[in-house]
Amino acid sequence: MDEIYSRLNEVFRDVFDDDSIEVSAETTADDIEDWDSLNHITLIDAVESEFKVRFTMGEVSGMKNVGEMAEIIQKRGE
């Protein structure tokens, strides 16, 4: 799981152009200044590309935090 968070950190830093971002399981859109609906689409696309996964619309709309995103990625990688 540590590797997933490490890679997610890089994706978030790239998408939001902010090298100070450190995501955790509890990180939400409220924690990152530029995380709006438009950047959310960009972020999901970047995460899907990085991890070679595709999220369903239900998964995307149901994600409450980065931890839930990481859990889905982990399950897909098994």
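Overview of the structure. Worth saying up front: this structure is predicted, and the values here are computed from it rather than measured. (Residues numbered from 1 in each chain as written. Predicted model: local features only at pLDDT ≥ 70, side-chain atom pairs only at ≥ 80, totals over all residues. Heavy atoms only, no water.)

Side note on the packing of aromatic side chains
Condition: Planes of paired rings set the category: under 30 degrees apart is stacked, over 60 is edge-to-face and the rest tilted, where pairs are Phe, Tyr or Trp rings (Trp by its six-membered ring) whose centres lie within 6.5 Å. Starting at the N terminus, helices and strands are each numbered in turn, a helix being any DSSP run of H or I of at least four residues and a strand any DSSP run of E of at least two. Think of it in three bands: residues with accessible area under 20% of the maximum for their type are buried, residues over 50% are exposed, and the middle band is partly exposed, with areas taken using a 1.4 Å probe on protein chains only.
Enumeration according to the criterion identifies three aromatic pairs in this entry. With a centroid separation of 5.4 Å and 75° between ring planes, the pair formed by F12 and W35 is classed as edge-to-face. Linking F12 in helix 1 (residues 2-16) with W35 in the loop between helix 1 and helix 2 (37-51), this pair joins segments that are 23 residues apart in sequence. Here the two residues F12 and W35 agree in accessibility, since each one is buried. Taken together, the ring pairs connect F12, F16 and W35 into an aromatic cluster.

Here's the deal with the nonpolar core
Note the cut-off: We define a nonpolar core as any set of buried Ala, Val, Leu, Ile, Met, Phe, Trp, Tyr and Cys residues linked to one another through side-chain atoms lying within 4.5 Å. Working rule for contacts: check all heavy atoms of both residues, and any pair within 4.5 Å makes them a contact.
Among the nonpolar cores identified, the biggest contains 24 residues, and L8, F12, V47, F55 and M69 are the most heavily contacted of them. Secondary-structure elements contributing two or more residues to this core are helix 1, helix 2 and helix 4 (66-77). Counting residues per element, this core draws most heavily on helix 1, at seven residues. Residue contacts for F12: discarding those within four places in its chain leaves D17, I21, V23, I32, W35, L43, V66 and M69.

Observations concerning the packing of helix 1 against helix 2
Heads up, the condition is: Interaxial angle, 0 to 180 degrees, is taken between N-to-C directions of lines fitted to C-alpha atoms, where a helix line uses only the stretch in contact. Any angle that is under 35 degrees is reported as roughly parallel, and any over 145 degrees as roughly antiparallel; angles of 65 to 115 degrees are reported as roughly perpendicular and all others as oblique. In this scheme the handedness of a crossing depends on how the near helix is turned from the far one: anticlockwise by less than a right angle means left-handed, clockwise means right-handed. Three classes are used, and their members are as follows: Ala, Val, Leu, Ile, Met, Phe, Trp, Tyr, Cys and Pro are nonpolar, Asp, Glu, Lys and Arg are charged, and the others, Gly among them, are polar.
As a packed pair, helix 1 and helix 2 sit with axes 10 Å apart at the nearest point and diverge in direction by 140°. By the angle between their axes, helix 1 is oblique relative to helix 2. Between helix 1 and helix 2 lies a crossing whose hand is right-handed. Across the interface between the two elements, I4, R7, L8, V11, F12, V15 and F16 from helix 1 touch N39, T42, L43, A46, V47, E50 and F51 from helix 2. For the contact of helix 1 with helix 2, a count of residues per class yields 10 nonpolar, two polar and two charged.

Re the side chain of E59
The condition is simple: Pairing of N or O atoms within 3.5 Å defines a polar contact, subject to two protein rules: one partner must be a possible hydrogen donor and the other a possible acceptor, and residues neighboring in sequence count only if both atoms are side-chain atoms.
As for its position among the elements, E59 is in helix 3 (residues 57-62). Of note is the side chain of E59, whose polar atom sits 2.9 Å from the backbone nitrogen of T56. Ignoring sequence-local partners within four residues, the contact set of E59 consists of R54, I72 and R76.

Concerning unusual backbone geometry
Even without glycine at this site, D17 takes up a positive phi of about 50°. With respect to the helices and strands, the residue D17 is situated in the loop between helix 1 and helix 2. Given the relative accessible area of 72%, D17 is considered exposed. One non-glycine residue, K52, lies in positive phi territory at about 55°. Taking relative accessible area as the criterion, K52 reaches 72% and is therefore assigned exposed.

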